[in-house]
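Geometric and topological summary
Here is what each chain is made of, one letter per residue.
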Amino acid sequence: MSAVIDFLSQNGMELLGKTWEHLYISLLAAGLGVIVAVPLGVILTRFEKAAGPVMSLLGMIQTIPSFAILAFFIPLFGIGKIPAIIALFFYSVLPILRNTYTGIKGVNTSLLEAGRGMGMTGWERIRYVELPLSIPVIMAGVRVSTVYLIGWATLASYIGAGGLGDYIFSGLNLYQPEYIIAGAIPVTILALIVDLILGKVENKVTPKAIREKNKTA
Amino acid sequence: MLKFDHVSKVYKGGKKAVNDLNLEFNKGEFIVFIGPSGCGKTTTMKMINRLIEPSEGTIYINNEDIMKKDPVKLRREIGYVIQQIGLFPHMTIQENISLVLKLLKWPEEKRKARAKELLSLVDMTPDYLDRYPHELSGGQQQRIGVLRALAADQPLILMDEPFGALDPITRDSLQDEFKKLQKKLGKTIVFVTHDMDEALKLADKIVILRGGQLVQCGTPDEILREPANEFVEEFIGKERLVQAKPNITTVEQIMNPRPITIMSGQSLTEAITLMKQHRVDSLLVVDENHVLEGYIDVETIDQNRKKARLVGDVILPDTFAVEKNALVRDTIRQILKKGMKYVPVTDENNRLVGIVTRTSLVDIVYDSIWGDEAAAE
């Protein structure tokens, strides 16, 4: 216990800074992911034929080891936070995109027909019908990818992005387990807290009636 | 109000769903499209609000070619009700009812007032406004579905088997309710169904389709009375045809075409002989062209035996006769109301062509009760 207190008194402020760094790298990447993947998912539901190829392409990118991607981006974007955020962003896209696509595809077709028949434009159908009804599925994708991203962001320190990965890597290099632990535990806590917060957000943005129906079902 | 001019729909792959349809309907008519599945009834209906676009021909609403209008604008002017009800589960009843108004950018206050007003049309209390569709029964949900189509006071409403998914009792009461509502509001309705009972109950005009072709278009009475061909007869069903008989048969079909007549120039002695011969107590008096002049009965002959000699002297001018094309239904009512023993039947030139007696009515009642068995024998 005294070791922990010692460590914190020496590195406390730095730890807080690294945690913050870590959080904003991951959240920024996830945020970019949402901004890109949700509209793209909606667009793909309008172009069924393109959906398959786009999904498998993204699936392929997903299978490239994260280390390889980070390394691959060094000649393109150099080192530091920006290439790390871009690389993490790539990983966040697929789960969100896939869930958006599935969520919107899952909206009852008779509702869409009713909407079209009563004179909704394409945008109004997305805004008033498809998005509200697929929010739970989309949010599940956002949660999964954000939690993953928090884990993967540790690797980003390898290309000089900073974050809690710094501790883990120094611990590994210097054979100092307390540094590894000092990096790993906050990452886990961070992931749990973010997941919890996103859960609340999901609840908040899901229309009330859908929430109740899911609860009883 | 609504006109189909040589409208066809050919799907990709050459399947002809609707073939050269020509129809015209008036404002306020309840039009029912009916036919077996795949007959093109739904396709025809969906062409009206351009959910499906016609391949050939033109559809006019109030003399406006619908293809020249913006489809979104067009649809907002036409109510639409589907079988699956299609209420949005994440919206309250109020939001569902007033959705078209929201699309039309009505202010919130007016939308709410309108939703309340509409709800009262189907005898639902305003506390339903804040509930969600899943809290309502199927019948209530479809009531809301109908109200949603009425929200912007659209003059024309399309309904695709709206009561098909409901249980028979709810369906029946909703049909009654809706028919009343339609009459009250004077809407023009295009209604698709495959249920003949529903069509006969609701329609002002029935359009029977088969394989994309128009088979027959007419009022329920016309179709029951003169089915265009065997297909229609079969589609209506023998039972319904028999049941509907008293409602649609004309007087001509049941009258006795050989009434006992006498001319006004003949003598009373001849008249009384004729009565005795045919065992009747009155005679219809006609002129040489068979035009009905009146009647004489045995009592007047008896009273005037001493004074008069000719039929023309004692003739009682006939006050009431029916046209041969009149419906039996109406004739029965008159016979019963006036307490008459018989009614002479005339053609359009007032010439006597037959007579309906109380005995003829017995035949109809007999037919409608035992008709099936008698036909089978």
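Counting starts from 1 at the beginning of each chain's written sequence and moves along it residue by residue. Lettering of chains starts at A and numbering of ligands starts at 1, both following the order in which they are written. Given that this is a predicted model, residues contribute local features only at a pLDDT of at least 70 and side-chain atom pairs are listed and counted only at 80 or more, while totals for whole chains, interfaces and linings are drawn from all residues.

- The name given to chain B in an unreviewed UniProt entry is Quaternary amine transport ATP-binding protein, with the source organism recorded as Cytobacillus horneckiae.
- Per UniProt, chain B carries the Subcellular location (unreviewed entry) text "Cell inner membrane".
- UniProt positions are given in the numbering used here, feature names are shortened, and annotations may be inferred rather than shown by experiment. Its UniProt record, at the heading Sequence similarities (unreviewed entry), says of chain B: "Belongs to the ABC transporter superfamily."

- Chain A carries the name ABC transporter permease in an unreviewed UniProt entry, which gives Cytobacillus horneckiae as its organism.
- Listed under Sequence similarities (unreviewed entry) in UniProt, the entry text for chain A is "Belongs to the binding-protein-dependent transport system permease family. CysTW subfamily."
- Its UniProt record, at the heading Subcellular location (unreviewed entry), says of chain A: "Cell membrane".

Observations concerning the overall build of chain B
- Helix and strand definitions here come from DSSP, where helices need a minimum of 4 consecutive H or I residues and strands a minimum of 2 consecutive E residues; each element is numbered from the N-terminal end. If you tally the helices and strands in chain B, you get 17 helices and 17 strands.
- We compute the radius of gyration over the C-alpha atoms and compare it with the globule rule, which gives 2.2 Å times the number of residues raised to the power 0.38. Its C-alpha atoms give chain B a radius of gyration of 28 Å, clearly above 21 Å, the size a compact globule of 377 residues would have.
- By its C-alpha atoms, chain B is 90 × 50 × 45 Å across when sized along the principal axes.
- Buried, partly exposed and exposed are defined by the number of other C-beta atoms within 10 Å of a residue's own C-beta, namely 20 or more, between the two limits, and 12 or fewer respectively, with C-beta atoms placed from the backbone. For chain B, the proportion of its 377 residues judged to be buried stands at 36%.

Notes on the UniProt feature "domain: ABC transporter" (unreviewed entry) in chain B
- UniProt's entry tags residues 2-236 of chain B with the feature "domain: ABC transporter" (unreviewed entry), counted in the numbering of this structure.
- Helix and strand shares over residues 2-236 of chain B are 38% and 25% respectively, and the end C-alpha atoms of the span are 26 Å apart.

Considerations on the interface of chain B and chain A
- Contact between two residues is assigned when their C-beta atoms, built from the backbone, lie within 7 Å. On the chain A side, the residues contacting the 17 residues of chain B number 18 residues.
- Contributing elements (two or more residues each) for the side of chain B that touches chain A: helix 2 (71-76) and helix 4 (99-103) of chain B.
- Any residue that is not Ala, Val, Leu, Ile, Met, Phe, Trp, Tyr, Cys, Pro, Asp, Glu, Lys or Arg is counted as polar, Gly included; the first ten are nonpolar and the last four charged. Residues that form the side of chain B that touches chain A fall into these classes: 10 nonpolar, five polar and two charged.

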